[in-house]
Amino acid sequence: MDFSTQAIPRIDPRRPWVLGPSGLKRIVLGDDSGSRDAAMLAHGPAHKPLRSNGPFNQRLLVVAHAERGQLDDAAREAIAAAAILAGKDGEVLALLYGMEDAAPEALAELAVDRALTVADPGYAPEQKLALLQQLLQQESPHTVLFADRGEDADLGRRLACRARLSVVTDVVEIAADGVRRRQPGAGFSLRERAQLLLLARGVAEAKLPFVGKGERLQSAALPAVSEQVQDLGSAASPASELALEEADLIVSAGNGVSNVPGFLALAEALGAAVGASRVAVDDGRFTRDKQVGATGKTVQASAYIALGISGAVQHLQGIKSCRHVIAVNLDAAAPMIKRADLSIIDDCQSFISAFEQLVRRERKEKQV
Amino acid sequence: MKIAVLVSPAVHPVSGRPCAGEADLAALALAQRLPGELQVWYAGAADDAALADYLARGAGTIHSLNLSPDSDVLSALGSALQGVDMVLCGARSGGGDGSGLLPYQLAEQLGAALLPDVLDLSKSDRQWRAVQALPKGVRRTLQASLPLVASVNPRAATAPGWSYARLQQGKIRRKAATGAALAPVVLEPSRRARALVAASKVSGHARMQGAIAGGDAKAAGVVVKQGDSVEKAQVVLDYLRQHQLVDF
Ligand SMILES: Cc1cc2nc3c(=O)[nH]c(=O)nc-3n(C[C@H](O)[C@H](O)[C@H](O)COP(=O)(O)OP(=O)(O)OC[C@H]3O[C@@H](n4cnc5c(N)ncnc54)[C@H](O)[C@@H]3O)c2cc1C
Ligand SMILES: Nc1ncnc2c1ncn2[C@@H]1O[C@H](COP(=O)(O)O)[C@@H](O)[C@H]1O
């Protein structure tokens, strides 16, 4: 056949298109405005719609403590649960401790409609309770949500008892017919939805397809109420004495670490707990209680420094909830590098000694 | 000084038989180290066999308030514990499956200071000091004066071992008590809990895009290849400092 004479209708596979309001791709024939490159668009910041523009006639309150200016997954899930439960006419109000510096966009991204941010005063349950009671009076939320862990769990229980709210703790499921918590030996126990819910992990999917309004109330000061209990200060126990599950900073050694005394010296200089991969434990460099991973311990450190660990899935399982992972490895293709937030391609032995010297020097300068 | 320890039976995780709860045993052991007159209380409908473990591990005499199974423990205990200076509870009942609410409710009812998740208690002048266990190994020291309610961490102290002689010598004193009825609870068989998921109006294409790239997925980490070990060490230290992970 002679192709050159026949008019074959050809379609440009990269015709320009625009993204319609419903998220669908629209091709306007004869129009060359719009985008040609789908991949570029997909990698750009996704534009999420606003959950609800109001007017609101009811609200939910979420209370959370941030750690180092950031909310952890449990707190994010609590806010997500509130946003999903709120409905069109419901507002998500958040009282956030320790997030004074958060930008409105960050609050909106969390799906918060209105946020009251307060500097975290440390230990001050009575003052926090007084502020919460004020807030309950002004805003009268129909449900108050807390994450059931750490400071939030404590404050939630205090508020429930002080304000005489009905409460369910360790909620694993919120459904139309009530809330469920686990009942050992019997599956679930179903209760009516209480005024105050303390949420276990996994109650809601923290990833949301919408944003909140992200308005910010004037930062409030805590009311001056005297405390019944006095705080004499807190101290982190020395990392070497700490159970691995409790540690906040861990240095962990794998097969790539051959100079064990040097590694232990680094851990001591940093004040970090010591972990190890299974290979390093199996060949006797470390004791079994140091093993991190599927058959070892699951750790929750804020920072996990993996030295010479390849990052097998069984090992990665144990560090799933670590916030910052730093990897040092000779092999830039190791799976650990994909998991890590910061990766150093270097020989472990020389890195360890350089890092140890640096840490010791900086510590000394700090003391002077 | 009058000290009351609250105990409630737990269910053994393997055999399913009633046994002593870890945290309640720790509370008992901690109370035995303190100077003062010690009483052990239980409110509820459990039979003697369920409390036997506590006797065998050094509870001496247990005062048991007889309640019908569906009535409220709090009001019964609240009136029984009037005039007690220090109440020690476990952090959670039932071997960790309770709600951990009772200490908070009791503190509110008795108007006492609350010390949660205590690892150690000691006297200093006229006040009491408690070491509180916080996540990630942080220990906080709190100070309060009597009356106080403390919930005790399971790791606070170890009760003496199980002894038949102590079980034989131990007594359970039963008293009648009244309390308000509890709200009914419906039990259901076990399955996977369903998480709340926001209804999404995004097109299928965009969802697929989000699953493979873009979206909220974590940005790839920084990889540092250049420089010698000293420079790389500096990079790591800068990272730790930037995220406030070290204190120097
Ligand atoms: C059922 C089962 C359960 C398991 N459970 C666990 C578990 O709980 N925990 C666990 O850790 N593992 C577990 N494993 C083992 C796991 O699969 C891996 O074998 C193990 O984690 C690998 O340890 P590694 O990374 O230290 O050693 P390797 O795989 O030998 O990796 C060493 C890494 O160090 C790097 N390296 C070598 N020399 C240097 C150097 N000089 N400088 C810098 N980097 C260097 C290499 O590039 C490599 O990436 C389990 C396995 C099975 C089958
Ligand atoms: N029925 C009860 N009688 C006496 N003490 C109890 C009872 N229930 C709970 N407690 C105490 O309160 C603590 C916390 O219980 P809970 O709030 O059920 O998790 C327990 O560890 C016990 O010390």
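Predicted model only: the values in this text are computed from it and were never measured. (Residues numbered from 1 in each chain as written. Chains lettered and ligands numbered in written order. Predicted model: local features only at pLDDT ≥ 70, side-chain atom pairs only at ≥ 80, totals over all residues. Heavy atoms only, no water.)

Undergrad: What's the story with the pairing of strand β17 (residues 342–345) of chain A in this structure? I'm lost.
TA: Along any regular strand the residues' side chains alternate between the sheet's two faces. In β17(A), alternate side chains face the same way, and those of Leu342(A) and Ile344(A) on one face and Ser343(A) and Ile345(A) on the other are all buried. Note that strand β16 (residues 324–329) of chain A and β17(A) share four bridges and pair parallel. When the bridges of β17(A) are listed, Asn329(A) appears paired with Ile345(A). Taken together, the three bridges between β17(A) and strand β13 (residues 222–224) of chain B define a ladder with parallel strand orientation. Within β13(B), the position partnered with Ile344(A) by the bridge is Val224(B). (Buried < 20%, exposed > 50% of the residue type's maximum accessible area, 1.4 Å probe, protein only. Helix = DSSP H or I, 4+ residues; strand = E, 2+ residues; numbered from the N terminus. Pairing = 2+ DSSP bridges.)

Undergrad: Mind showing me how you'd approach helix α4 (residues 102–110) of chain B here?
TA: Every α-helical turn comprises 3.6 residues, leaving residues that sit three or four positions apart pointing alike. When α4(B) is considered as a whole, its buried residues turn out to be Pro103(B), Tyr104(B), Leu106(B) and Ala107(B). All buried residues of α4(B) fall inside an arc of 165 degrees around its axis, so they share one side. On its buried face, α4(B) sits against α5 (150–162) of chain A together with β1 (2–6), α3 (73–80), β6 (86–90), β7 (113–124) and β10 (148–152) of chain B. Positive phi shows up at Gly111(B), right after α4(B), with a value of about 65 degrees. (Arc of directions from axis to C-beta. Contact = heavy atoms within 4.5 Å.)

Undergrad: Before we go on, may I ask you to explain the site of ligand 2 in this structure?
TA: All names here are of chain B. The immediate surroundings of ligand 2 are formed by 19 residues, with Leu6, Asp24, Ala43, Ser93 and Gly100 found nearest. Between Asp24 and ligand 2, the recorded distance is 2.5 Å, taken from a side-chain N or O atom to an oxygen atom. At 3.2 Å, a backbone N or O of Ser99 approaches an oxygen atom of ligand 2. Relative to its unbound accessible area of 480 Å², ligand 2 is 91% covered by the protein chains. Of all the secondary-structure elements, those providing two or more residues to the shell around ligand 2 are β4 (37–44), α3, β6 and α4. (Near = heavy atom within 4 Å. Polar contact = N/O pair within 3.5 Å; in protein donor to acceptor, adjacent residues only side chain to side chain. Areas by Shrake-Rupley, 256 points an atom, 1.4 Å probe, with all protein chains shown as cover.)

Undergrad: Help me understand the interface of chain A and chain B, please; the structure alone is not making it clear to me.
TA: Counting from both sides, the interface comprises 86 residues of chain A and, opposite them, 75 residues of chain B. Contact between chain A and chain B buries roughly 6,900 Å² in total, counting both sides, with carbon and sulfur atoms accounting for 58%. Summed over the shared surface of chain A and chain B, the result is eight salt bridges. Here Glu151(A) and Arg140(B) are joined by a salt bridge, their closest N and O atoms 3.4 Å apart. The interface formed by chain A and chain B includes 25 residue pairs in polar contact (both at pLDDT 80 or more). Sort the elements by how many residues they give to the side of chain A that touches chain B and helix α10 (residues 348–367) of chain A lands first, with nine residues. Taken together, the residues of the side of chain A that touches chain B sort by class into 40 nonpolar, 19 polar and 27 charged. (Buried area = accessible area lost by both parts, 1.4 Å probe. Salt bridge = Lys/Arg side-chain N within 4 Å of Asp/Glu carboxyl O. Nonpolar A, V, L, I, M, F, W, Y, C, P; charged D, E, K, R; others polar.)

Undergrad: Mind showing me how you'd approach the packing of α3(B) against α4(B) here?
TA: Helix-helix packing: each pair is described by the crossing angle between the helix axes and the interaxial distance. Residues and elements named next belong to chain B. Between α3 and α4, the least distance of the axes is 10 Å, while the angle of their chain directions is 50 degrees. By the angle class used here, α3 and α4 are oblique. Seen along the crossing, α3 lies across α4 with a hand that is right-handed. Side by side, α3 and α4 meet where Val73, Leu74, Ser75, Leu77 and Gly78 of the first sit next to Leu102, Gln105, Leu106, Gln109 and Leu110 of the second. A class-by-class count of the residues in the contact of α3 with α4 yields six nonpolar, four polar and no charged. (Axes fitted to C-alpha atoms, helices over the stretch in contact; angles between N-to-C directions. Parallel < 35°, antiparallel > 145°, perpendicular 65-115°, else oblique. Left-handed = near helix turned anticlockwise from the far one by under 90°.)

Undergrad: Teacher, can you tell me more about the domain arrangement of chain A here?
TA: Interfaces are often sized by the accessible area lost when the parts come together. Partitioning chain A into structural domains gives domain 1 (58–216) and domain 2 (239–360). Inter-centroid distance (C-alpha atoms) of domain 1 of chain A to domain 2 of chain A is 34 Å. (Domains from an automatic or database assignment.)

Undergrad: Would you mind going over the side chain of Ser151(B) with me for this structure?
TA: Residue and element names in this part refer to chain B. Examined against the element boundaries, Ser151 turns out to sit in strand β10. A distance of 2.9 Å separates a polar atom in the side chain of Ser151 from the backbone nitrogen of Asp117. In this structure Ser151 touches Cys89, Gly90, Ala91, Pro103, Leu115, Pro116, Asp117 and Val118, once residues within four positions along its chain are discounted.

Undergrad: Explain the sheet that holds strand β14 (residues 273–276) of chain A to me, please; I cannot follow it from the model alone.
TA: Backbone-to-backbone hydrogen bonds pair the strands of a sheet. The strands run either parallel or antiparallel. Pairing is parallel across the open sheet formed by six strands, whose spatial order is β14(A)-β13(A)-β15(A)-β16(A)-β17(A)-β13(B). Across the chains shown, the open sheet's two edge strands, defined by having one partner strand only, are β14 of chain A together with β13 of chain B. The average undirected angle you get between the axes of adjacent strands in this sheet is 20 degrees. In terms of strand pairing, strand β15 (residues 303–307) of chain A meets β16(A) through five bridges, oriented parallel. Bridge pairing in β16(A) places Tyr304(A) opposite Val325(A). Packing of helix α6 (residues 260–270) of chain A onto the sheet brings it into contact with β13 (249–253), β14 and β15 of chain A, and relative to β13(A) it is tilted by some 175 degrees. Docked against the sheet, helix α7 (residues 229–242) of chain B engages β15, β16 and β17 of chain A together with β13 of chain B, running at close to 170 degrees with respect to β17(A).

Undergrad: Looking at this structure, how should I read the sheet that holds strand β8 (residues 178–183) of chain A?
TA: Pairing within the open sheet is mixed, and its 10 strands lie in the order β11(A)-β5(A)-β4(A)-β3(A)-β6(A)-β10(A)-β7(A)-β8(A)-β9(A)-β12(B). Taken across any chain shown, the strands that pair with only one partner, and hence form the sheet edges, are β11 (215–216) of chain A together with β12 (186–188) of chain B. Contacting β3 (58–65), β4 (90–97), β6 (143–147), β7 (167–175) and β10 (196–199) of chain A, helix α2 (residues 73–86) of chain A crosses the sheet at an angle of about 175 degrees to β3(A).

Undergrad: What is the right way to look at the packing of aromatic side chains in this model?
TA: Residue and element names in this part refer to chain A. Per the stated rule, a full pass over the model turns up two aromatic pairs over all chains. Between Phe263 and Phe286, the ring centres sit 5.6 Å apart and the planes meet at 85 degrees, which makes this aromatic pair edge-to-face. Here Phe263, found in helix α6, pairs with Phe286, found in the loop between α7 (278–282) and β15; they are 23 residues apart in sequence, far enough to count as distant. Classification of Phe263 by relative accessible area gives buried; the value is 0%. Note that Lys128 overlies the ring of Tyr97, its terminal NZ or CZ placed 4.9 Å from the centroid. (Phe/Tyr/Trp six-rings, centres within 6.5 Å; stacked < 30°, edge-to-face > 60°. Lys NZ or Arg CZ within 6 Å of the ring centre and 35° of its normal.)

Undergrad: What is the right way to look at the confidence of the model for chain B in this model?
TA: As a note on interpretation, predicted positions should not be read in detail where pLDDT is low. All names here are of chain B. Summary statistics for chain B give a mean pLDDT of 83 and a share of 87% for residues scoring 70 or more. In this model residues 213–217 is a low-confidence stretch, pLDDT under 50, and it forms seven contacts with partners more than four residues away in sequence or in other chains. For this predicted complex, the interface score ipTM comes out at 0.79, alongside a pTM of 0.75. (pLDDT = per-residue confidence, 0-100.)

Undergrad: Explain unusual backbone geometry here, please?
TA: Where the residue is not glycine, phi is negative for most of them; where a peptide bond is considered, it is trans in most cases. Put simply, Leu146(B) and Pro147(B) share a cis peptide bond, and its omega is -5 degrees. Relative to the assigned elements, Pro147(B) resides in the loop between β9 (138–144) and β10. With phi around 50 degrees, Asp170(A) is a residue other than glycine that occupies positive phi space. The topology assignment puts Asp170(A) in strand β7. Looking at Asp170(A), the relative accessible area reads 18%, which means it is buried.

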